[in-house]
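Here are the chains, one letter per residue:
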Amino acid sequence: MAPWHSAGPSFRVSAANISLCTEVSVDNIFWYPRAVSGEQKSYHHGSLREVLLEKAFGLVDSEGVEAISMRALAREAGVSSAAPFRHFPDKQVLLDAVAEKAASELERKLDVATEECSDALTQFRAMSVAYVRFAAEHPALFDLIHSTDSVSARFLGEVKDERRLKLIALIIEGQNGGLIPDTDPELIALTSEALTHGLARMIVDRHPRLRTLSSEEARQLALAATHLLQTGIGLS
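The residue numbers shown here count from 1 along each chain, following its written sequence. Only residues with pLDDT of at least 70 get local features here, since the model is predicted, and only at 80 or more are side-chain atom pairs given and counted; chain-wide, interface and lining totals rely on the full set of residues. Each side-chain value is derived from all of the structure's non-hydrogen atoms; neither hydrogens nor water enter the calculation.

Topic: the nonpolar core
When a protein is soluble and globular, its nonpolar side chains tend to lie buried together. Val60, Leu94, Val98 and Ile145 are the most contacted members of the largest nonpolar core, which has 48 residues in total. Strands are runs of DSSP state E lasting at least two residues, helices are runs of H or I lasting at least four, and both sets are numbered from the N terminus onward. Counting only elements with at least two residues in this core, the list comes to α1 (47–63), α2 (70–77), α3 (91–113), α4 (120–137), α5 (139–146), α7 (162–176) and α8 (185–204). If one sorts the elements of this core by residue count, α3 sits on top with nine residues. Note on definitions: a residue-residue contact is assigned when non-hydrogen atoms from the two residues lie within 4.5 Å. Not counting residues within four places of it along the chain, the set of residues in contact with valine 98 comprises Leu53, Ala56, Phe57, Val60, Leu141 and Leu144. Throughout this description, the term nonpolar core refers to a set of buried Ala, Val, Leu, Ile, Met, Phe, Trp, Tyr and Cys residues connected via side-chain atoms within 4.5 Å. Burial classes follow relative accessibility: with a 1.4 Å probe on protein chains only, a residue under 20% of its type's maximum area counts as buried, one over 50% as exposed, and anything between as partly exposed. Judged by nonpolar contacts, the second largest core, of nine residues, contains Val129, Ala136, Leu210 and Ala222.

And the structure:
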């Protein structure tokens, strides 16, 4: 049988290689022979990016940033080693996207935490607890968020940040309701952030007293710490 020619490598089609295929798509930019198996996956253009991002998110969450490589990601997604580069030109672009996804998930958890709260003070404390609990449950993602400049500012009190403005408004609401002391709202917000972020950071950095903390223990600790913030440490 005469050889078959294409833009890619040449094959002699025979019973010996009939199970091989040469494939090319927007997600596989090189011609190459691949054995057909039940594990091979295909994705519509556009959906592969989400699959890769989800796989990378899971790898960072479970194994840390060090576990991420474009080759490992391709293996996890069941695609060619070239495929991820069509959506993420390099590892840093991929990690930035994972950080963005992690930040969105943290924001969602902060919002959910306040949904059933009856007053401003309870909402204020609930957000602090959710923040600390996220750090305990997802330390690698928390670390990635705060090492990525494009997303870290959302949680570090940028003056004009939308979430910070909401926090200030919540404090003022609590003050108007007689639930929060009539002190400078900015100072209250900064003090709360120092306590909350500091506690979360200690958990992620595996402080000797906190390195084995479970999610529930982190919740209880955050509740106790915010209660102490609310009541103060002085006797008079």
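Here the narrative resumes, following the displayed structure.
Here we look at the side chain of serine 192
Relative to the assigned elements, serine 192 resides in helix α8. In this view, serine 192 contacts Phe124, Ser128 and Leu229; residues no more than four positions away in its chain are not counted.

A look at the packing of aromatic side chains
Here the distance between the centres and the angle between the planes together describe a pair of aromatic rings. What counts as a ring pair is set by centres within 6.5 Å for rings of Phe, Tyr and Trp (its six-membered ring), and what kind of pair is set by the plane angle: stacked under 30 degrees, edge-to-face over 60, tilted for all other angles. In this structure the tally under the stated criterion is one aromatic pair. Plain terms: the ring middles of tyrosine 131 and phenylalanine 142 are 5.4 Å apart, the flat faces sit at 75° to each other, and that makes the pair edge-to-face. Of the two residues, tyrosine 131 sits in helix α4 while phenylalanine 142 sits in helix α5, which places them eleven residues apart along the sequence. Judged by relative accessible area, which is 6%, tyrosine 131 ranks as buried. Taking the relative accessible area as the measure of exposure, phenylalanine 142 reaches 0% and is therefore buried. Working rule: Lys NZ or Arg CZ, within 6 Å of ring centre, within 35 degrees of ring normal, means a charge sits over the ring. For the cation-ring pair, lysine 101 lies above phenylalanine 57, with the distance from its terminal atom to the ring centre recorded as 5.3 Å.

Comments concerning the packing of α1 against α5
Axis separation between α1 and α5 bottoms out at 6 Å; the angle between their running directions is 110°. One element, α1, and the other, α5, form an angle in the roughly perpendicular class. Across from Phe57, Val60 and Asp61 in α1, the residues of α5 making contact are Ala140, Leu141 and Leu144. Within the contact of α1 with α5, the residues separate by chemical class into five nonpolar, no polar and one charged. The angle between two axes is taken between their N-to-C directions and runs from 0 to 180 degrees, where each axis is a line fitted to C-alpha atoms and a helix contributes only its stretch in contact. Every angle not falling under 35 degrees, over 145, or within 65 to 115 is termed oblique; those three ranges are roughly parallel, roughly antiparallel and roughly perpendicular. Put simply, Ala, Val, Leu, Ile, Met, Phe, Trp, Tyr, Cys and Pro go in the nonpolar bin, Asp, Glu, Lys and Arg in the charged bin, and everything else, Gly too, in the polar bin.

Thoughts on the pattern of salt bridges
One speaks of a salt bridge when a side-chain nitrogen belonging to Lys or Arg is within 4 Å of a carboxyl oxygen belonging to Asp or Glu. On inspection of all chains with the given rule, the structure shows twelve salt bridges. One salt bridge in this structure joins arginine 49 and glutamate 50, with 3.7 Å as the shortest N-O distance. By relative accessible area, arginine 49 is classed as partly exposed at 31%. Notably, a salt bridge pairs glutamate 186 with arginine 164, separated by 2.4 Å at the nearest N-O pair. Here glutamate 186 is found in helix α8, whereas its partner arginine 164 is found in helix α7, with 22 residues between them in sequence. The exposure class assigned to arginine 164 is buried, which follows from its relative accessible area of 8%.

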